Amino acid sequence: MTKTDEIDDSAAPLIEHLTELRTRLIHSVIAFIIGMVICFTVATPIFNFLTNPLCQVLSERGQDCDLIFISPQEGFFVAIKVSLLGGFILSFPYIGMQMWRFVAPGLYRTEKNAFLPFLLASPFMFLLGASFAFYVVTPLAYDFFLGFQQFGADGQALPAQPEMAQPGLSVVFQGSAQEYLNLTIKFIVAFGLCFQLPVLLTLMGKAGLVSAEGLGGVRKYAVVAILVLAALVTPPDVITQVILFVVVYGLYEVSIFLVRRVETKREEQLRADGYYDDEEEFDDPLMKEFDEENDR
């Protein structure tokens, strides 16, 4: 076989993989577009559902839940953003299946058994983080923001500085629908991605890329990184930042525990397969002498 034939043979599998990848990507994009179209037809009920945290806080304060459009095209862009979020959530299981069908043929049976649980856990953890953000964090954040409204004895809102007050001046919340949706989606996506931390670190631990001892050794650096993350992905209020820090740091500690369990199971499996035994190596003088010579 000539060198040219060898190059042609090696190029053929690469072209086949690229073709397969293109097919999977096309299927994923089509599924995403279908999900967007479905969500666009019901964009108003979805948006009304997303406003529940704000309406709950306003109701407790005795205010009406009214959002406004400050530009003619804002309503259309709100529907598009709702469709993007809903389309991604609807199509994510199918997109994950396409990713799995592309990767699975190149994995051994043991690798498939190891990778599949993480693929299933990833969307579950994202939904868990998104639900936590929507039902816990978002109401607390909006309650904090709306607390800057100041009302006088007659029930009319007054400015923060009474000396600057003018007769009949009202300072009340009249929120933009698009700004509210942007902030709510930011909460949902940020917490959904942060909840992927145990899945990512445990998968890296199973692949041998990180260890429980290593993760514990860089704990102080992780605290600083989590503080920076909380400051970047959340609005500038202390309550939300503290909640995100506590949650992510707790997930980091959970990740260390899960990685340690993975390492323990790997060691038990190696012992069961007879690859090594610490007690025999310690008691065997010949093995001990061999190790000492290797160390020298």
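Here is what the cut-offs are and how they apply
- Residues numbered from 1 in each chain as written.
- Predicted model: local features only at pLDDT ≥ 70, side-chain atom pairs only at ≥ 80, totals over all residues.
- Heavy atoms only, no water.
- Core = buried A, V, L, I, M, F, W, Y, C linked by side-chain atoms within 4.5 Å.
- Buried < 20%, exposed > 50% of the residue type's maximum accessible area, 1.4 Å probe, protein only.
- Helix = DSSP H or I, 4+ residues; strand = E, 2+ residues; numbered from the N terminus.
- Contact = heavy atoms within 4.5 Å.
- Arc of directions from axis to C-beta.
- Phe/Tyr/Trp six-rings, centres within 6.5 Å; stacked < 30°, edge-to-face > 60°.

Enquirer: Any chance you could explain the nonpolar core here in plain terms?
Expert: Buried together is how nonpolar side chains tend to be arranged in soluble globular proteins. Core analysis: the biggest nonpolar cluster contains 25 residues, and Phe187, Phe191, Phe195, Leu215, Leu244 and Tyr252 have the highest contact counts within it. Residue contributions to this core peak at 8 residues, all from helix H10 (residues 238–272). Every residue in contact with Phe195, bar those within four places of it in the chain, is listed here: Met125, Leu128, Gly129, Phe132, Val247 and Leu251. Counting 13 residues, the second largest nonpolar core, distinct from the first, contains Leu50, Val82, Ala177 and Leu181.

Enquirer: Teacher, can you tell me more about helix H2 (residues 43–50) here?
Expert: In an α-helix, one full turn covers 3.6 residues, which means residues spaced three or four apart are oriented alike. Those residues of H2 that fall on the buried side of the exposure criterion are Ala43, Phe47 and Leu50. Each buried residue of H2 sits inside an arc of 55° when the element is viewed along its axis, so together they form one side. The outward face of H2, more than 90 degrees from its buried face, is lined by the exposed residues Thr44 and Pro45.

Enquirer: Would you take a moment to explain the packing of aromatic side chains for this structure?
Expert: Given two aromatic rings, one states the distance between the centres and the angle between the planes to describe the pair. Under the counting rule described, the total for this entry stands at 11 aromatic pairs. Consider the rings of Phe88 and Phe126, whose centres lie 6.4 Å apart with planes at 75°: the pair is edge-to-face. Here Phe88, found in helix H4 (residues 74–103), pairs with Phe126, found in helix H5 (residues 109–146); they are 38 residues apart in sequence, far enough to count as distant. Given a relative accessible area of 34%, Phe88 falls into the partly exposed group. We classify Phe126 as buried; its relative accessible area is 15%. Among the aromatic residues, those joined into a ring-pair cluster are Tyr142, Phe144, Phe145 and Tyr180.

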